[in-house]
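In case you want the letters, here they are:
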Amino acid sequence: MEGSHTMTEHVLDTLKERGFLQQSTDEVGLRSYLSEMGATCYLGFDPTAGSLHIGSLLPIMALKHLQDAGVRTIALLGGGTAMVGDPSGKTEMRKMLQPEQIMQNAESFKLQLSRFLHFDGDRSLWVNNADWLGTLSYITFLREIGRHFSVNRMLTAEAYRLRLENGLSFIEFNYQLLQAYDYLELFRKYGCRLQVGGDDQWGNCLAGKELVRRVESEEVHVMTFPLLTTATGAKMGKTAAGAVWLDANLTSPYEFYQYWINVDDRDVERFLKLYTFLPMEEIGRLAQLEGAQIRDAKEVLAFEVTKVVHGEQAAAQARAAAQSLFGGGAADAEAMPETHVSKADVEAGISAPELLAMAGLAKSRSEGRRLIQQGGVQLGDRRCEEIDEMVGPEHFSGDGTLIVKVGKKRFHRMVIQ
RNA sequence: GGGGAGAUACCGAAGCGGUCAAACGGGACGGACUGUAAAUCCGUUGGCUCAGCCUUCGCAGGUUCGAAUCCUGCUCUCCCCA
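Given the structure is predicted, the values throughout are model-derived calculations rather than measurements.

Thresholds, definitions, all that
Residues numbered from 1 in each chain as written. Chains lettered and ligands numbered in written order. Predicted model: local features only at pLDDT ≥ 70, side-chain atom pairs only at ≥ 80, totals over all residues. Heavy atoms only, no water. Helix = DSSP H or I, 4+ residues; strand = E, 2+ residues; numbered from the N terminus. Buried < 20%, exposed > 50% of the residue type's maximum accessible area, 1.4 Å probe, protein only. Areas by Shrake-Rupley, 256 points an atom, 1.4 Å probe, with all protein chains shown as cover. Lys, Arg positive; Asp, Glu negative; His and termini not counted. Charge placed at Lys NZ, Arg CZ, Asp CG, Glu CD. Near = heavy atom within 4 Å. Polar contact = N/O pair within 3.5 Å; in protein donor to acceptor, adjacent residues only side chain to side chain. Nonpolar A, V, L, I, M, F, W, Y, C, P; charged D, E, K, R; others polar. Arc of directions from axis to C-beta.

### Overview of the overall build of chain A
- Each helix and strand counted, chain A has 19 helices and 15 strands in total.
- Along the first, second and third principal axes, the C-alpha atoms of chain A reach 75 × 50 × 40 Å.
- Out of the 417 residues in chain A, the part that is buried amounts to 48%.
- Put simply, chain A shows about 20,600 Å² of open surface, and 50% of that area lies on carbon and sulfur atoms.
- The average position of the 44 basic charges and that of the 55 acidic charges among the side chains of chain A differ by 4 Å.

What follows is the structure, given as structure tokens:
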């Protein structure tokens, strides 16, 4: 099963060795399917947020691997299913979203995804399940699809057990049927025989597989990816500021890069395999590094992932900024987040806590005040000692900028305008 | 439809008339130590014109010198029975 003829390695082996495979149905059948011409797989995206975040990046990476191996990929946008809401893994019903909101999210998803998957021609498709779910007739749906689902069976599923304790509304109980119907639809329309997704979707995916078998008497496949938690047990991609988004306007390339630099030592190898396209030999070498040298591996990781998401130029810029900020040099920090302040305000003097609040480095002046009291604030190259220190023109350097540092690694640039 | 339980700060959870800006735990943040890591230790964690003041304990009223704590109504959640 090793077969190290690099060029012709089977995608399934690639995915396995990089740690993508969590569960799959009939691996032998799946393997041969993926080798067929015209093999097609789909991945669903839930447009319940305004942007994709790191959590969605893992399946996207997997999809890239599949695409590179010649598999046709379909990105399914859950415009219809988002109207219902997936109860999997949730302890309570999530807020129902407004249709307009969903549509808007869908648009930005498409834009973001097109960075990774090129929706051109027939190789990579973009579909929205609102197109077929939206026009379903309730009675018809119940008669054709609903009758294939056993409530008894659904209730024994792990995904619902949790909710049985806290209450599960009927609308959410229907989610699985709709998702299953998606698979049937894509099988019929595109001959799609593989659905991939996060492992929390295993149950929903299987429901689709079953449905296709019952209705069409055809075997289709399911493959899931692990749901990552960091070595410290936290959910992937969560920071103090919230999720790590793929949208540069929500999480700047610099912050994005920093997220990866700050990853736990124990996660480096795993993440290199999953989130970069570096060859395994290279990753193996980086994984050998020990002690402080692990930082080099983290730099490679951060650079590569940032490159995948934001492009090489942004990645290089983020790296340069990080190196100058943490390497001691006072070099340029283009990629650092910045805030503009008016000349008049600066001349009048801005209190230090106020400045922190303006820059978003503190949620309130009180918080800024506390940060200063705790010695966590640096204005330019001097530590701010007094909570009522006034920041005026003399704090800014010749080019009218002032670098404010909070804690060990949050930098912000104030610019006089 | 009937009966019961409950809604406290980011989360979990104490408090049941004053000493409550609200115990404790987790998380997060700051400091020390380091390698922009982990672990550990110390500190912080409503707002403000900050040794003082203002607004918070589901929402709206009420009792009281005084309410997160008592009363009334409302909203929501959960459980049991139908």
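That shown, we press on.
### With respect to the protein's contact with RNA strand B
- With respect to spatial proximity, 33 residues lie near RNA strand B, and among them Q258, N262, D265, S366 and R370 are the closest.
- For RNA strand B, the backbone makes up 68% of the atoms found within 4 Å of the protein, where backbone means sugar plus phosphate.
- A distance of 3.5 Å is found between a phosphate oxygen of RNA strand B and a side-chain nitrogen or oxygen belonging to R295.
- Broken down by secondary-structure element, the contributors of at least two residues to the surface near RNA strand B are α8 (158-166), α12 (253-261), α15 (294-310), α16 (312-326) and α19 (365-373).
- When residues of the surface near RNA strand B are assigned to their parent elements, the largest contribution, 5 residues, is made by α19.
- For the surface near RNA strand B, the class distribution of residues is 10 nonpolar, 10 polar and 13 charged.

### What to know about α19
- All buried positions along α19 are accounted for by G368, L371 and I372. Seen end-on, α19 carries its buried residues on one side only, within an arc spanning 100°.
- Remark: G375 follows α19 within two positions and exhibits a positive phi of approximately 75°.

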